[in-house]
Amino acid sequence: MAARPKLHYPNGRGRMESVRWVLAAAGVEFDEEFLETKEQLHKLQDGNHLLFQQVPMVEIDGMKLVQTRCILHYIAEKHHLFGKDLKERTLIDMYVEGTLDLLELLIMHPFLKPEDQQKEVVNMAQKAIIRYFPVFEKVLRNHGQNFLVGNQLSLADVILLQTILALEEKIPNILSAFPFLQEYTVKLSNFPTIKRFLEPGSKKKPPPDEIYVRTVYNIFMP
Amino acid sequence: MAGKPILHYFDGRARMESIRWLLAAAGVEFEEKIMKTREDLEKLRKDGSLMFQQVPMVEIDGMKLVQTRAILNYIAAKYNLYGKDIKERALIDMYSEGMADLNEMVLLYPYLPSRDKDGRLTQIKEKSRNRYFPAFEKVLTSHGQDYLVGNRLSKADVHLTELLYHTEELDSTVLANFPLLKALRTRVSNLPTVKKFLQPGSQRKPFDDRKCVEIARKLFS
């Protein structure tokens, strides 16, 4: 029987949160080894566990996978979250890549200078409302289905839901002009594995706070 | 019969060059619609051709693909440059993503303000020599095969070959301590499709110069 995947990262969202989302959505239980000190990072690096000396790293199926997209693709493909053929897979890829561009703004936000943070929230909101949400609203409106691609849950839905909920934490009414996305968010949040992940006590991480930011600086700053 | 893929971008390397390389390596002939003015970009946007209002965009097999990685992954899968199973795909992805991180620094370099260039160049030299090239040299050493994954050509080898040439343009001695990387670059360069692409007159673009930077500024700011 395969061991549970093991995630190596600080105890916070960052670049690992998407991986947690996808594993949870796929119903895969996993373990976490939280990085807290520079020494722990060096131990992983010196032991040659990190191909490019970086985390996220996920031990899974005998491999030590690094690079977020690689990890997401592997889990998605393994657990049938990557479409039924190349065309569906490519559509999912496109949607995921667009959404990750938006999610990147959220990931970087806590590390901006305080005086730049409010401006960036405005930028995120604009990008979401003008560039990204209209695309997905139109997709959902056009096919009337509950999932973005192929009428079944895929990586695209998981990453979009993660991003929408994270944006709503900062901008509560961000979906106000997008009725299909609103309904989609509610339905998807009730998908059994996702519903469990959204309940207290799951491995979903809280929004980044000062402690998280300080931990990251301590671990990764030279 | 399907038409040739059509690449929509400006006349520069930037984010389209890895797509040109991969298509060329796969032996796929392609056309380019070169954007020159802001109006060219706005027309594509108004036509609804750009899913997220951005280029690169590649018309291929009845689709208008955007997002560099999605485009590269489609081409790789279609032309058997993406491994034979999920584990090979994971390795190819892992290596390609590391290369993309280094390539991001390299491709953006010409577009940086002058005052930032020295610092970035130092970073590129340091990261290629200490982080990325040792990783790939080690992969090749570990299995002694001609290609990075599965003993046959994949997108990872094509991306690496392109990256080695482009990094060397910025740092002429960067490959000095990486004999297996040099050998792989030579091997891939000698493949008939790649050899043709490396010759003058191909669709390979030269180093992004001031003219490219000017056009990009007009189009995207």
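Here, every reference points to the structure presented above.
So, a few notes on the structure that sits alongside this text.

Conventions and cut-offs
- Residues numbered from 1 in each chain as written.
- Chains lettered and ligands numbered in written order.
- Predicted model: local features only at pLDDT ≥ 70, side-chain atom pairs only at ≥ 80, totals over all residues.
- Heavy atoms only, no water.
- Pairing = 2+ DSSP bridges.
- Helix = DSSP H or I, 4+ residues; strand = E, 2+ residues; numbered from the N terminus.
- Axes fitted to C-alpha atoms, helices over the stretch in contact; angles between N-to-C directions.
- Contact = heavy atoms within 4.5 Å.
- Parallel < 35°, antiparallel > 145°, perpendicular 65-115°, else oblique.
- Nonpolar A, V, L, I, M, F, W, Y, C, P; charged D, E, K, R; others polar.
- Buried area = accessible area lost by both parts, 1.4 Å probe.
- Salt bridge = Lys/Arg side-chain N within 4 Å of Asp/Glu carboxyl O.
- Polar contact = N/O pair within 3.5 Å; in protein donor to acceptor, adjacent residues only side chain to side chain.
- Expected span 1.5 Å × (residues − 1).
- Bend = angle between axes of the 7 residues up to and from the residue.
- 1 Å grid on protein atoms, 1.4 Å probe; cavity = no way out; pocket = protein on both sides within 12 Å on 5 of 7 lines; lining within 4 Å.
- Points joined across faces, edges and corners; volume = space filled by probe spheres on them.
- Domains from an automatic or database assignment.

1. A short note on the sheet that holds strand β2 (residues 31-35) of chain B
All names here are of chain B.
Line of reasoning, step 1. Strand order in the open sheet formed by four strands is β2-β1-β3-β4, and the pairing between neighbours is mixed. Edge positions in the sheet fall to β2 and β4 (63-66), since each has one partner strand and no second. Ignoring strand direction, the axes of neighbouring strands in this sheet form an average angle of 20°.
Line of reasoning, step 2. Sheet analysis places strand β1 (residues 6-10) next to strand β3 (residues 57-60), joined by three bridges and oriented antiparallel. Opposite H8, over in β3, you have M57 as the bridge partner.
Line of reasoning, step 3. Docked against the sheet, helix α2 (residues 38-46) engages β1, β2 and β3, running at close to 115° with respect to β2.

2. Some points on the pairing of β3(B)
Residues and elements named next belong to chain B.
Line of reasoning, step 1. With four bridges joining them, β3 and β4 adopt antiparallel strand pairing. Note that in β4 the partner of E59 across the bridge is K64.
Line of reasoning, step 2. Counting the residues in the hairpin turn of β3 and β4 gives two residues, including D61, whose phi is positive at 50°.

3. Some words on the packing of helix α5 (residues 114-143) of chain A against helix α7 (residues 179-189) of chain A
All names here are of chain A.
Line of reasoning, step 1. In the contact formed by α5 and α7, the axes pass within 8 Å of each other and the chain directions differ by 75°. The orientation of α5 relative to α7 falls into the category roughly perpendicular. Contacts between α5 and α7 involve F133, F136, E137, L140 and R141 on the former and, on the latter, P179, F180, L181 and Y184.
Line of reasoning, step 2. Tallied by class, residues from the contact of α5 with α7 come to seven nonpolar, no polar and two charged.

4. Section: the interface of chain A and chain B
Line of reasoning, step 1. Each side of the interface is counted separately: chain A has 31 residues, and chain B has 33 residues.
Line of reasoning, step 2. Both faces considered, chain A and chain B share a buried interface measuring about 2,900 Å² in area, 65% of it formed by carbon and sulfur atoms.
Line of reasoning, step 3. The largest per-residue losses of area from chain A upon contact with chain B belong to A:F52, A:M94 and A:R131, which jointly make up 22% of the total buried on that side.
Line of reasoning, step 4. Among the salt bridges present, the one from B:R89 reaches A:E77, with a minimum N-O distance of 2.6 Å.
Line of reasoning, step 5. Our enumeration of links across chain A and chain B arrives at nine residue pairs in polar contact (both at pLDDT 80 or more).

5. Regarding helix α4 (residues 86-108) of chain B
All names here are of chain B.
Line of reasoning, step 1. Between its terminal C-alpha atoms α4 stretches 32 Å, which fits the 33 Å expected from 23 residues at 1.5 Å a residue.
Line of reasoning, step 2. Maximum bend of α4: about 30°, positioned at L102.
Line of reasoning, step 3. Capping the start of α4, D85 holds a side-chain oxygen 3.2 Å from the backbone nitrogen of K87, two or three residues further along.

6. A word on the pattern of salt bridges
Residue and element names in this part refer to chain A.
Line of reasoning, step 1. Under the definition given, this model contains 35 salt bridges over all chains.
Line of reasoning, step 2. When the shortest N-O distance is used, the salt bridge between R4 and D31 registers 3.0 Å. Of this pair, R4 sits in the segment before β1 (6-10) while D31 sits in strand β2 (residues 31-35), and the two are 27 residues apart along the sequence.
Line of reasoning, step 3. E169 is the salt-bridge partner of R13, the closest N and O atoms lying 2.9 Å from each other. Here the residue R13 occupies a position in the loop between β1 and α1 (17-25), and E169 occupies one in helix α6 (residues 155-170), the gap between them amounting to 156 residues.

7. Describing empty space enclosed by the protein
The gaps left among the atoms become clear once a water-sized probe is rolled over them.
Line of reasoning, step 1. Under the counting rule described, the total for this entry stands at two cavities of 30 Å³ or more.
Line of reasoning, step 2. Size it by volume and the largest cavity reaches roughly 110 Å³.
Line of reasoning, step 3. In this structure, the largest cavity is lined by 14 residues; those nearest its centre are B:R13, B:V106, B:L107, B:H166 and B:D208.
Line of reasoning, step 4. When its residues are assigned to classes, the lining of the largest cavity shows six nonpolar, three polar and five charged.
Line of reasoning, step 5. A domain-level breakdown of the lining of the largest cavity finds at least three residues from each of domain 1 (6-79 + 197-220) and domain 2 (86-190) of chain B.
Line of reasoning, step 6. The space that makes up the second largest cavity amounts to roughly 40 Å³.
Line of reasoning, step 7. Around the second largest cavity, the lining residues are A:C70, A:H73, A:Y74, A:E77, A:R89, B:I86, B:R89, B:A90 and B:D93.
Line of reasoning, step 8. Put simply, the parts of the chain that give the lining of the second largest cavity at least two residues each are α3 (68-78) of chain A together with α4 of chain B.

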